[in-house]
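One-letter residues, chain by chain:
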Amino acid sequence: MASTGMQIFGFVLALLGIMGAMVATVLPNWKVSADVGSNIITAISQMQGLWMDCTWYSTGMFSCTLKYSVLSLPAYLQTARTTMVLCCVLAAMGLCLASLGLKCTRWGGGRRSKRHAAIASGGCFVAAGFLCLVPASWFTNEVITNFLDSSVPESNKFEPGGAVYVAFVSAGFLFVGGSIFCMSCSGKRHGPQDLVLLPPPDKLLLQQQQQQLLQQQQELQHQYCSLSPLDNKTGYSLQDYV
């Protein structure tokens, strides 16, 4: 079983992963406008995220527009929204289970209960990392495909923004943290699996003496009952003298 230090290290990585996933979900720079060509337009740069589009103007003004309509969004953007939200929910659930599965904590039950909680938290972290990796990869593929398409005007070309890189790093943290918690319960355990509460020494000695006395009484009773009826006769028989 992994040491307590390794579990704490995995917990910290998972915590960084969920924080990065939450930040990447709300950031508006999943893709930013690429500076290609010699077009001079009013807007300096454009950013598009999962929930809003933002624009920097040459006058120094900054404006954002929320994406209210869900059905009008492309498939990769709808998928990115759903998977990132599920990633945050699963990672938060994994943190709750990981706090119970840590060996350095007093809550969570015995060793067996802590092992089960650690395995469940590791599964949540790995699933959350996968859900964070899917939208980041799909989004990056769509942006690169659009950028390399010669039919797209240069003013409408974008490149991956900082939020995509944050999502990739967060997915890696979640994967590593989940793997540490899953490996913390691998291998065969020897000895008692749960916490056993022993009585005080004086009570334990008294119980042992009572058990020995009861065992001696049972042996004496067994010996008495094993005697034949002829051995138990105490009177005289008339047949002995006839």
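Residues numbered from 1 in each chain as written. Predicted model: local features only at pLDDT ≥ 70, side-chain atom pairs only at ≥ 80, totals over all residues. Heavy atoms only, no water.

The protein chain has the name Claudin in an unreviewed UniProt entry, where Seriola dumerili is given as its organism. In UniProt, the protein chain has this text filed under Sequence similarities (unreviewed entry): "Belongs to the claudin family." The Function (unreviewed entry) comment attached to the protein chain in UniProt states, word for word, "Claudins function as major constituents of the tight junction complexes that regulate the permeability of epithelia." (UniProt positions renumbered as here; feature names shortened; annotations may be inferred.)

This paragraph deals with the nonpolar core. When a protein is soluble and globular, its nonpolar side chains tend to lie buried together. Of all hydrophobic cores here, the largest spans 31 residues; its most connected members are Trp30, Leu50, Met84, Cys87, Phe125, Cys132 and Phe139. Of all the secondary structure elements, the ones that give two or more residues to this core are helix H1 (4-26), helix H2 (75-101), helix H3 (111-148) and helix H4 (162-183). Top element by residues in this core is H2. It accounts for 9 residues. If sequence neighbours within four positions are ignored, methionine 84 has contacts with Ala21, Ala24, Thr25, Trp30, Leu50, Cys132 and Pro135. (Core = buried A, V, L, I, M, F, W, Y, C linked by side-chain atoms within 4.5 Å. Buried < 20%, exposed > 50% of the residue type's maximum accessible area, 1.4 Å probe, protein only. Helix = DSSP H or I, 4+ residues; strand = E, 2+ residues; numbered from the N terminus. Contact = heavy atoms within 4.5 Å.)

To describe a pair of aromatic rings, one takes the distance between the centres and the angle between the planes. Taken as a whole, this structure holds 4 aromatic pairs when the rule is applied. For the pair tryptophan 56 and phenylalanine 62, a centre-to-centre distance of 4.6 Å together with 50° between the ring planes defines the contact as tilted. What makes tryptophan 56 partly exposed here is its relative accessible area of 38%. Judged by relative accessible area, phenylalanine 62 falls into the partly exposed class, the value being 40%. Cluster of aromatic residues (ring-pair linked, three or more members): Trp30, Tyr76 and Phe139. Taking the ring centre of phenylalanine 158 as reference, the NZ or CZ of lysine 31 above it sits at 5.1 Å. Residue placement shows lysine 157 over the ring face of phenylalanine 147; its charged tip is 5.5 Å from the ring centre. (Phe/Tyr/Trp six-rings, centres within 6.5 Å; stacked < 30°, edge-to-face > 60°. Lys NZ or Arg CZ within 6 Å of the ring centre and 35° of its normal.)

On a regular strand, one side chain projects to one face of the sheet and the next to the other, so that they alternate. Of the strand pairs in this sheet, strand E3 (residues 52-57) and strand E4 (residues 62-66) are connected by 5 bridges, and their pairing is antiparallel. Counterpart to methionine 52 in the pairing with E4 is leucine 66. In this antiparallel pair of consecutive strands, E3 and E4, the connection spans 4 residues, and glycine 60 shows a positive phi of 95°. (Pairing = 2+ DSSP bridges.)

Moving on, we come to a nonpolar patch on the surface. A contiguous nonpolar patch, built from Ile8, Val12, Leu15, Leu16 and Met19 and spanning about 410 Å² of accessible area, is present on the exposed surface. Checked against the element boundaries, methionine 19 lands in helix H1. (Patch = residues over 30% accessible without salt bridge, like charges linked within 9 Å, V, L, I, M, F, W, Y side chains within 5 Å. Areas by Shrake-Rupley, 256 points an atom, 1.4 Å probe, with all protein chains shown as cover. Salt bridge = Lys/Arg side-chain N within 4 Å of Asp/Glu carboxyl O.)

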